[in-house]
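For reference, the chains in residue letters:
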Protein chains: 4
Amino acid sequence: SSGEVEVVIPGATSYNGLNLVPQMGWDNWNAFGCDVNESLLLNTAQAMVNFGLRDLGYKYVVLDDCWSSGRNESGYLIANPVKFPNGMKHVATALHNMGLKFGMYSSAGKWTCGRFPGSLGYEQKDADLWASWEVDYLKYDNCFNQGQSGTPKLSFDRYNVMSEALNKTGRPMVYSLCNWGNDDPYDWAYTISNSGRMSGDIYDQFNRPDARCPCTESIGCAWPGFHCSVMNILNKMAAITSRTMSGYFNDMDMLEVGNGGQTDSEYVVHFSFWALMSSPLLIGTHVPTLSPANLAILSNPAIIALNQDPSATGAVRKWQYFMDPDENGQGEIALWTRDLHNGDVAIALLNAANSAHTLNATMDQIFLDPRTAGAYKEPVQLRQSWHVYDLWANRMTEAEASAIINGTMNGTAAITNTNSTINPRVTRYNATSLSYEEGLKNNATALFGVRVGTIEPAGTWSVEIPRHSVKMYRLRSTGVETVRTRDEL
Amino acid sequence: SSGEVEVVIPGATSYNGLNLVPQMGWDNWNAFGCDVNESLLLNTAQAMVNFGLRDLGYKYVVLDDCWSSGRNESGYLIANPVKFPNGMKHVATALHNMGLKFGMYSSAGKWTCGRFPGSLGYEQKDADLWASWEVDYLKYDNCFNQGQSGTPKLSFDRYNVMSEALNKTGRPMVYSLCNWGNDDPYDWAYTISNSGRMSGDIYDQFNRPDARCPCTESIGCAWPGFHCSVMNILNKMAAITSRTMSGYFNDMDMLEVGNGGQTDSEYVVHFSFWALMSSPLLIGTHVPTLSPANLAILSNPAIIALNQDPSATGAVRKWQYFMDPDENGQGEIALWTRDLHNGDVAIALLNAANSAHTLNATMDQIFLDPRTAGAYKEPVQLRQSWHVYDLWANRMTEAEASAIINGTMNGTAAITNTNSTINPRVTRYNATSLSYEEGLKNNATALFGVRVGTIEPAGTWSVEIPRHSVKMYRLRSTGVETVRTRDEL
Amino acid sequence: SSGEVEVVIPGATSYNGLNLVPQMGWDNWNAFGCDVNESLLLNTAQAMVNFGLRDLGYKYVVLDDCWSSGRNESGYLIANPVKFPNGMKHVATALHNMGLKFGMYSSAGKWTCGRFPGSLGYEQKDADLWASWEVDYLKYDNCFNQGQSGTPKLSFDRYNVMSEALNKTGRPMVYSLCNWGNDDPYDWAYTISNSGRMSGDIYDQFNRPDARCPCTESIGCAWPGFHCSVMNILNKMAAITSRTMSGYFNDMDMLEVGNGGQTDSEYVVHFSFWALMSSPLLIGTHVPTLSPANLAILSNPAIIALNQDPSATGAVRKWQYFMDPDENGQGEIALWTRDLHNGDVAIALLNAANSAHTLNATMDQIFLDPRTAGAYKEPVQLRQSWHVYDLWANRMTEAEASAIINGTMNGTAAITNTNSTINPRVTRYNATSLSYEEGLKNNATALFGVRVGTIEPAGTWSVEIPRHSVKMYRLRSTGVETVRTRDEL
Amino acid sequence: SSGEVEVVIPGATSYNGLNLVPQMGWDNWNAFGCDVNESLLLNTAQAMVNFGLRDLGYKYVVLDDCWSSGRNESGYLIANPVKFPNGMKHVATALHNMGLKFGMYSSAGKWTCGRFPGSLGYEQKDADLWASWEVDYLKYDNCFNQGQSGTPKLSFDRYNVMSEALNKTGRPMVYSLCNWGNDDPYDWAYTISNSGRMSGDIYDQFNRPDARCPCTESIGCAWPGFHCSVMNILNKMAAITSRTMSGYFNDMDMLEVGNGGQTDSEYVVHFSFWALMSSPLLIGTHVPTLSPANLAILSNPAIIALNQDPSATGAVRKWQYFMDPDENGQGEIALWTRDLHNGDVAIALLNAANSAHTLNATMDQIFLDPRTAGAYKEPVQLRQSWHVYDLWANRMTEAEASAIINGTMNGTAAITNTNSTINPRVTRYNATSLSYEEGLKNNATALFGVRVGTIEPAGTWSVEIPRHSVKMYRLRSTGVETVRTRDEL
């Protein structure tokens, strides 16, 4: 009837209509901190285009802290004229011309973390300025917040001022909260933003505890800190995995892949889980000097397809056992699973212990949730057989990645470039041409890795996994029965 | 004197005069989630009548989330016209005609958990609409609450708006809070509502810890979550058992009996303790397809009589020992006891360990509270002998339950239907004809199970109990001395 | 100069000038709960006079919950006319005529804990009424507080309304908070009240943990609960002992001595520590039927002199070792010490383990605080010898206590009654005639127990102590050097 | 452009432009408590001058609690005329004439901790008065704060009133918060003050746990208490070390060196770490009677140079192992490191275990942070060799310290006084003549201790360390490559 307005369709939208799947891109902080300038951004952007990263979905080029040099007498921020001699709009235009988007940084405080002027009390002025610069994205930090924290309400109210200011500009801008999980943003931020950090800052270590990151749980963490390891952040997600949803994502922080502090297999774990958990994927290293191995990790379309799956959910930790500790005193094995949009299921068998172990995933474990959610009749999944696809089996070779980096192979639009012994149809993907959602519908080869077996009803999948490594699988039912999906908080 | 007004008699009323004993009924969420429509409700209601459940006291048919399709331009909610083609008042009338009551759902937030419009800011409009539909009950959730939490005051104030709105309609509606124990509602909600959830959502597992339900205590739980097991929720009650009272009940969440995730003896534990703790009893499965075994559990009048006892209190955990863990790493034995309105005492000996054990309950343990509360003279209970009634001894047979389900035996008004080898006087009860309070006064056979022995002064009751099972007893003094009761918070 | 106003002299006063040493008296709750009436109060009062308890300092007769029957149309409370047929002022006058004072009860909530009308929103009306009844004392509870808690500020503001209302009446009334340690009253209540409960309710057990009293620390206790044992409450005091001071006392709850749940030596521990910690001493049993043994405990002037010492401080737990657990799984030994006003030192050697142990107290332990507070020169105490007085050595015999109870010996003014083989100068004390402060100055025999030895410099005091018992000593320097006292929070 | 205003340069300023390196001085509380008067202050000041302490940087003479005698009828505080017969301005002038600065004390509460009038509600009057007295510094306590705590916002708002009042006077005054870490001041106080206590009060013990200091972490500590040991406070710093920065310092409380409760090596640990962590350094003992050993500790310029380093940061605990407990049940070894302003690195190898141990520090541990912060290329530090300077190697001898105390050697301006076998160029320093920043640039001998070796790339530094001792080193690269510094919160 004409009287109906604003029907909210579950799962179909977000507070501003943006970011229905997690944002992807690059942010300078992890590798460069305050050393920012125009050429860093534009050189990085060009490399992202050249290496095919843009077309894999890495669209946002985010300029982090330390870009300003103060406020003018009207209260508007001034871009540092030494670092950005052509101004910010010039940067935005250049990025837009490359098919990329421009992200900006500020803090919901008196100062930014680097002690440049913050936006607290200047929200509308700042939002208006960014809109005039054609900014597409705001990372909004929590430093120097004048004590306006301590209850969800205090934090919500503070962050909401910017949320409303951004909307008032009329320009679509993804709004990414960076308050480190303070006051439990996963419990209130989805109505006012597009993503929210759920931990203190990451650092480039796989599983080393650091006194500066004192919490091992996101819940009730009184001091998020920084120097949080990959495993620290991953395990903090276990309790709050349900609070990631289309339009709002728990942000596990920027990627460290490429920064040198972890082994190749540890970076694979890091990237795999950030993708699986629907975390934003923001590259955090120097792109132009990426190694072939690291480019191959960041470019795996079968893993990115998990991240960009329209289900927009996090994975569930089905079990975790502590054992066999490493040199940092840490050791565990775990099974994480996630139901995907098309009825497929992703499973990750993680060996974060100190030596190789055989891990097992049973059908009962994989389908625990349908077994326990209103299963007054037996869930159909348990009666089905499931094909198992190894999602890292088609990782790009060093040769292929080197060719892209060297410019001897076209990094973009790989699908149209098949004149070589390398078959880019299985290693690369152009999401600019065909979204992951459509690619999955079309069974695009690059999104499925290699089929390595089948799990039968009541069966178990067993695999030996080396130290500090993960096996990532996509399971696809061989049957045809429709599975009823449920949404639940 | 004529000057006296509003005398509050302890224990005799509630904030709105309703729900002096816990509400009973059915809610669709556990089994159906968002898949709601008129026929599900009415078919379920008819089965509840046919199977005798209505007359056992299951009166409220509660429609959970996902029933609306938005707000109209006047700000009033619209029932989804596909799911409810005849409108909500039609549903209410049909239920009323069956002798049932109609429950409705919303959230004290911007959206419901399923992201339909919530009632925050629309409380009076929504309450008025529900009253106009002749709704009898509101389940009021906590999703998308705009950060209005973090202190008892913030949650109290938010939930109180709806409390006052409901009262203003003039229509009696039971007000059931569903804020998962956030901000300790057991400490403030009894003056504004009729029940309050004290934990994250239940799931259909007996004792499996799940990362999504991180707390093991209700107190100070920063993240209630969901996927909380039966034992997790039960043990969360131990600290707050005193904060259940006539008119306001700690809600342990809807029943999972019938959903397939637990064994028969585990469902017996689940149902027994939900009843014993004076939790609301809301069936959470598909009633028309109930198995005979599950109908027999839900239909035990001797257990329901504990729940509907006018004492309206929770049981006390007198001891708990962790031992003999099961496949989930969990194992315990425990004794819970509860003083009943007529001087009887309920005791539950729980074996949640991995194998059979002999458990003992001593007179000193059973009567700890009178021994320690102002006992400047020895409590009379310790000098008495007590008959012991096994409350599950008369559980309906498969044959009897099957006959009811098949319609070959009248499920309602069983007391008048005695022409068979089955004696329904000992297995069934019609609370519509005779309240449990009256039935207890009259010593109605069905409310007492089978007498299996006597405990003498200074004695001990010993019994072997299988794995994951409970023994529920009613103790009745053989003596005549009156016991002074005390009320204490 | 004439311009000086309101000089606050440290330690010399309180918010209202009252209660410079802890209040002593009787409260009906522990033994009688809601069963209150005029004759209970007056009969108890008469026994307190007869047994010499009044003259030992037990002055306040506190009527607890359940005395009202509502509010009149002007909003004033009404005393229940059945329980108090002559009205409250009659009770007050009768008590005053006996040389006693009258205490009243209410709650800073909508209802009292027993669900009678509370004072929230009616503070001035209620204070005025009590003043008109000549009430001398208010116990102010925390039930049904409408969620007005969660930060110190919320609780402070709520309790402060009554504080100001009492002051506005012009009648001196001791203001005793009963908010169970919620929101850390020991951190804010001393500017607005005279004492504050620091734990959930006591129950009559020595050291049995109970699920309803979940905290073992007062600090950050999210759920004070009730059914807290003597040892649970004592150990909660260790962290906050400094926040007891002249005019405001941490209230460990009413005494259970006489209620039958503990052994004689356990009651001695209970009473000794309540006295030593400067807790209010409110008898919580039926006085007219007190046993001789229990009267002897409650009547030990050498112990009461610790409680009424003008230092008005708590004792410090110098060490605690967990060992030798009892049937409740609890076992510890500990040393507590306290500096007294005249330079004496009290020490308590506690054996709460399951069998007898020899305990040692060294000079270094006893004088830890002077050793570590600004000791740029060696503290004089370590160079001195100290006489050791056993404060329970002169406990009244059964014969003497029986004679008092039977009325064959004058319970009051014992000092003037010496014509018997019993020498009351060593067992009893009349604080109405001579305050404890003056008695200590005069070296009144009854306040010192029996001298049992001397500790030399660098020495150790060793003593074997039976299971669940305490040795209480007063140490008095044999030297003459003055010890500088310090005040520190 | 002329439109630019108020550019904030990271790390270059503070809220009021003061205290870019930690304040140094003396405060009477630890040694004298309330026993304050004019002569104590002026005699101490004279000794500070005579002993060379002023010229080492100890500039602030802070008068703690108990100096007032009330407020006059205009609401202004009155200095106690007995303790300060010439008034406060006289004291300030005398101190200024000695080249010292004058610090004052109050509390953000109704009363000070000693129950003298507090400044809550009188902030501007008190700030104006102090400015008129030419006060240079305010220590602002937290006692009797009327419950205005419980969230960062409540504490921020309360302390901010005084912050603004001080600024409004126009007189530069260092503003030193003393709220014991309550409500996490390290997260909000840097925009309104110059330092903030992060723990309960220190006491003069190395590592003895005390029930009155219940927290072992600063984060989320619900009860800071007092009687916190040196090691307790040090370890509380590990999580919050990043929240010390130029202009705002985490205050570990006043020094206990000289008060007699610790051994010489324990005082060396205490002083070394207070310096290393950039804590304010306030001497807390009686200066005129300092022993030579204690003067030598407080006068080590090589250690003080760490404290006054322009980097103004805290050290990081790289590892900590619990082992070999002492008589208090405590034992640990640990490595702490800190990057200094000129590229040097300070490392502290701490043996807080019960016997001597050989400790190792590897290059990987020392340079963990550059290795893990944006290290997309290998950090230059790992390729360099580092000279190792032992910063306690040139500790003043007893003879030299005695000569200063006896007045036979000039304690001030030691650099100009070289006519003796003692070479003060290596033991003493005059920061009044040459700041530590300049001295470091000039490689002043006294700031470097003795070079004791070199660490090569991939090397390890090993040293045996006695019980309860520390080795403090300054590492200086032998190379010339510039190291990029990063600022991060």
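What counts as what
- Residues numbered from 1 in each chain as written.
- Chains lettered and ligands numbered in written order.
- Predicted model: local features only at pLDDT ≥ 70, side-chain atom pairs only at ≥ 80, totals over all residues.
- Heavy atoms only, no water.
- Phe/Tyr/Trp six-rings, centres within 6.5 Å; stacked < 30°, edge-to-face > 60°.
- Helix = DSSP H or I, 4+ residues; strand = E, 2+ residues; numbered from the N terminus.
- Buried < 20%, exposed > 50% of the residue type's maximum accessible area, 1.4 Å probe, protein only.
- Least-squares fit on C-alpha atoms with pLDDT ≥ 70 in both.
- Contact = heavy atoms within 4.5 Å.
- Salt bridge = Lys/Arg side-chain N within 4 Å of Asp/Glu carboxyl O.
- Polar contact = N/O pair within 3.5 Å; in protein donor to acceptor, adjacent residues only side chain to side chain.
- Nonpolar A, V, L, I, M, F, W, Y, C, P; charged D, E, K, R; others polar.
- Pairing = 2+ DSSP bridges.
- Axes fitted to C-alpha atoms, helices over the stretch in contact; angles between N-to-C directions.
- pLDDT = per-residue confidence, 0-100.
- Buried area = accessible area lost by both parts, 1.4 Å probe.
- Parallel < 35°, antiparallel > 145°, perpendicular 65-115°, else oblique.

S.K.: Describe the packing of aromatic side chains, and please don't skip the residues or the numbers.
M.R.: Counting across every chain of the model gives 66 aromatic pairs over all chains. Ring centres of W223 of chain A and Y186 of chain D lie 5.2 Å apart, and the angle between their planes is 80 degrees; this geometry places the pair in the edge-to-face category. One end of the pair, W223 of chain A, is in the loop between β9 (195-197) and α7 (230-236); the other, Y186 of chain D, is in the loop between β8 (174-177) and β9 (195-197), on a second chain. The pair W223 of chain A / Y186 of chain D is uniform in exposure class, with both members buried. When the centroid spacing of 5.0 Å and the interplanar angle of 45 degrees are considered together, the rings of Y60 of chain B and Y137 of chain B count as tilted.

S.K.: Outline the relation of the copies chain B and chain A, listing residues and values.
M.R.: If you rotate chain B by 90 degrees and push it 0.0 Å along the axis, it lands on chain A with an RMSD of 0.0 Å. These values place the two chain copies in the arrangement generated by a four-fold rotation axis. Across chain B, the smallest distance between a C-alpha and the rotation axis is recorded for T151 of chain B, namely 5.2 Å. An asymmetric contact is evident, with only 2% of the interface residues of chain B recurring at the interface of chain A.

S.K.: Break down the interface of chain C and chain B for me, with residues and values.
M.R.: Between chain C and chain B, the contact holds 49 residues from the first and 45 residues from the second. Across the chain C-chain B interface, the total number found is one salt bridge. R212 of chain C is the salt-bridge partner of D369 of chain B, the closest N and O atoms lying 2.7 Å from each other. Seen at the junction of chain C and chain B, the total is seven residue pairs in polar contact (both at pLDDT 80 or more). Looking at the side of chain C that touches chain B, the elements with two or more residues in it are α1 (29-32) and β4 (68-72) of chain C. Residues that form the side of chain C that touches chain B fall into these classes: 18 nonpolar, 21 polar and ten charged.

S.K.: How would you explain the sheet that holds strand β8 (residues 174-177) of chain C if you had to name every residue and give the values?
M.R.: Residue and element names in this part refer to chain C. Taken together, the eight strands give an open sheet; going across it, the order is β10-β9-β8-β7-β6-β3-β2-β11, and neighbouring strands pair in parallel fashion. Edge positions in the sheet fall to β10 (249-251) and β11 (281-283), since each has one partner strand and no second. In this sheet, adjacent strand axes meet at a mean angle of 25 degrees when their direction is disregarded. On top of the sheet, helix α4 (residues 87-97) reaches β3 (60-62) and β6 (101-107); it is set at about 140 degrees to β6, its chief contact.

S.K.: So what about the confidence of the model for chain A? Which residues, and what values?
M.R.: All names here are of chain A. Taken as a whole, chain A shows an average pLDDT of 92; of its residues, 93% reach a score of 70 or greater. For residues 1-12, every residue scores under 50 in pLDDT, and the model assigns this stretch 23 contacts once sequence neighbours within four places are set aside. Confidence drops under a pLDDT of 50 for residues 413-419, and excluding neighbours within four residues, the segment shows twelve contacts in the predicted structure. This prediction of the complex comes with two scores: 0.95 for pTM and 0.94 for ipTM.

S.K.: Tell me about the sheet that holds strand β13 (residues 332-339) of chain D, and name the residues and values.
M.R.: Residue and element names in this part refer to chain D. Sheet architecture is open: six strands sit in the order β12-β13-β14-β19-β16-β17, paired in antiparallel fashion. The strands lining the two open edges of the sheet, one partner per strand, are β12 (316-322) and β17 (450-455). Within the sheet, the average angular offset between the axes of one strand and its neighbour, ignoring direction, is 20 degrees. Both strand β16 (residues 386-390) and strand β19 (residues 469-477) contribute to a ladder of five bridges, which runs antiparallel. Directly across from W386, in β19, lies its bridge partner S477.

S.K.: Lay out the pairing of strand β2 (residues 24-27) of chain D in plain terms, naming residues and giving numbers.
M.R.: All names here are of chain D. By the alternation rule, side chains of β2 split into M24 and W26 and G25 and D27, which are all buried. Judged from the three bridges that link them, β2 and strand β11 (residues 281-283) form a sheet pairing that is parallel. Paired with W26 across the strands is I283, a residue of β11.

S.K.: Report on the relation of the copies chain C and chain B, specifying residues and quantitative values.
M.R.: With an RMSD of 0.0 Å, the operation that places chain C on chain B is a rotation of 90 degrees combined with a shift of 0.0 Å along the axis. The share of interface residues of chain C whose copies in chain B are also at the interface is only 2%, consistent with the copies meeting through different surfaces.

S.K.: Break down the interface of chain B and chain A for me, citing the residues and quoting the values.
M.R.: Listed per partner, the contact involves 49 residues of chain B and 45 residues of chain A. Carbon and sulfur atoms make up 57% of the area that chain B and chain A hide from each other, which totals about 4,000 Å². Taken as a group, R115, R212 and W223 of chain B account for 20% of the area that chain B buries against chain A, more than any other trio of residues on that side. One can count one salt bridge joining chain B with chain A. Inspection of the region where chain B meets chain A yields seven residue pairs in polar contact (both at pLDDT 80 or more). For the side of chain B that touches chain A, the secondary structure elements donating two or more residues are α1 (29-32) and β4 (68-72) of chain B.

S.K.: Explain the packing of helix α2 (residues 38-50) of chain D against helix α4 (residues 87-97) of chain D to me, using residue names and the numbers behind them.
M.R.: Packed helices, taken two at a time, are described by their axes: the angle between them and the distance between them. Residue and element names in this part refer to chain D. Put simply, α2 and α4 touch, their axes get as near as 10 Å, and they point 5 degrees apart. If you check the angle between α2 and α4, you find them roughly parallel. Counted together, E38, L41, L42 and A45 of α2 and H90, V91, A94 and L95 of α4 form the full contact between these two elements. Residues of the contact of α2 with α4, tallied by class, amount to six nonpolar, one polar and one charged.

S.K.: I'd like to hear about helix α5 (residues 123-132) of chain C, residue by residue, with values.
M.R.: What α5 of chain C keeps buried is the set E123, D126, A127, L129, W130 and A131 of chain C. As for α5 of chain C, its buried residues are in contact with β4, β5 (77-79), β6, β7 (137-141) and α6 (152-169) of chain C.

S.K.: Describe the pairing of strand β16 (residues 386-390) of chain C, naming the residues involved and giving the relevant values.
M.R.: All names here are of chain C. Counting buried positions over the five residues of β16 gives five, a clear majority of the element. Residues W386, V388 and D390 line one face of β16 and the alternating positions H387 and Y389 line the opposite face, and both faces are buried. Pairing geometry for β16 and strand β17 (residues 450-455), over five bridges, is antiparallel. When the sheet's bridge partners are listed, H387 is paired in β17 with T454.

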